[in-house]
Amino acid sequence: MMKEFTCIICPNGCEISADIEIKEGGGSLIRSIDGALCPRGEIYVKQELIDPRRNIATSVLVKGGILPLASVRLTNPIPKARIFDAMEEIKKCSLTAPVTAGTVIVENILGYDADVIVTKSVPAGELQK
């Protein structure tokens, strides 16, 4: 069976085809992978077939800051199936200004090796309109 992937690892966005054999009782065997312009494309396809992972970028509320929100992201991707669970945990967070980029607000979210970190500093002050 042929499966098509668009690699999201680098800006090339390679269109990759993988010839996969589905085994009885589950599991699969990759016969061939074509279309990857760099080695990361092949790694990406294998990861997508075994354990698809994604990163999250979102924002959290900031109290007493010149902006109402601070952007945050995960330091490592987590299993795709757990994205909504992670978002529920992140939604529980709120910060008080000043907020500094790089600050960890949730360590090891859902028990994975991924922290939630602030990516935009928000100084204390009156909310800008």
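Everything below is about the structure printed above this text.
These lines cover the structure that appears in this document, whether it is placed above or below. (Residues numbered from 1 in each chain as written. Predicted model: local features only at pLDDT ≥ 70, side-chain atom pairs only at ≥ 80, totals over all residues. Heavy atoms only, no water.)

Here we take up the sheet that holds strand 8 (residues 94–96). Within a sheet, adjacent strands bond to each other through the backbone by hydrogen bonds, running parallel or antiparallel. Here five strands make up an open sheet; going across it, the order is 8-5-6-10-9 and the pairing mixed. Edge strands, defined here as strands with exactly one partner in the open sheet, are strand 8 and strand 9 (104–106). Averaged over all pairs of adjacent strands, the angle between strand axes in this sheet comes to 40 degrees, irrespective of strand direction. (Pairing = 2+ DSSP bridges. Helix = DSSP H or I, 4+ residues; strand = E, 2+ residues; numbered from the N terminus. Axes fitted to C-alpha atoms, helices over the stretch in contact; angles between N-to-C directions.)

To continue, consider helix 1 (residues 39–50). Across its twelve residues, helix 1 extends 17 Å between first and last C-alpha, which sits within 8% of the 16 Å expected from 1.5 Å per residue. All buried positions along helix 1 are accounted for by Gly 41, Tyr 44, Val 45 and Glu 48. Down the axis of helix 1, the buried side of the element spans an arc of 95 degrees, and every buried residue falls inside it. Facing away from the buried side of helix 1 by over 90 degrees, the exposed positions are Pro 39, Ile 43 and Ile 50. Those residues of helix 1 that are buried lie in contact with strand 1 (2–6), strand 2 (15–22), strand 3 (28–34) and strand 4 (53–54). (Expected span 1.5 Å × (residues − 1). Buried < 20%, exposed > 50% of the residue type's maximum accessible area, 1.4 Å probe, protein only. Arc of directions from axis to C-beta. Contact = heavy atoms within 4.5 Å.)

Let us now look at the environment of Val 104. Its place among the elements puts Val 104 in strand 9. Taking C-alpha positions, Val 104 is 15 Å from Leu 61, a pair spaced 43 residues apart along the chain. With residues near it in sequence (within four places) discarded, Val 104 still touches Asp 115, Val 116 and Ile 117.

Relative to the elements of secondary structure, Ser 17 occurs in strand 2. A polar contact of 2.9 Å, which involves the side chain of Ser 17, links it to the side chain of Glu 4. If we ignore the near neighbours within four places in the chain, the residues touching Ser 17 are Met 2, Lys 3, Glu 4, Ser 32, Ile 33 and Asp 34. (Polar contact = N/O pair within 3.5 Å; in protein donor to acceptor, adjacent residues only side chain to side chain.)

Another point: the sheet that holds strand 3. Read across the open sheet, the three strands follow the order 1-2-3; overall the sheet is antiparallel. In this open sheet, the two strands that pair with only one neighbour each are strand 1 and strand 3. Neighbour to neighbour, the strand axes of the sheet diverge by 30 degrees on average, direction disregarded. Lying on the sheet, helix 1 is in contact with strand 1, strand 2 and strand 3; it crosses strand 1 at an angle near 115 degrees.

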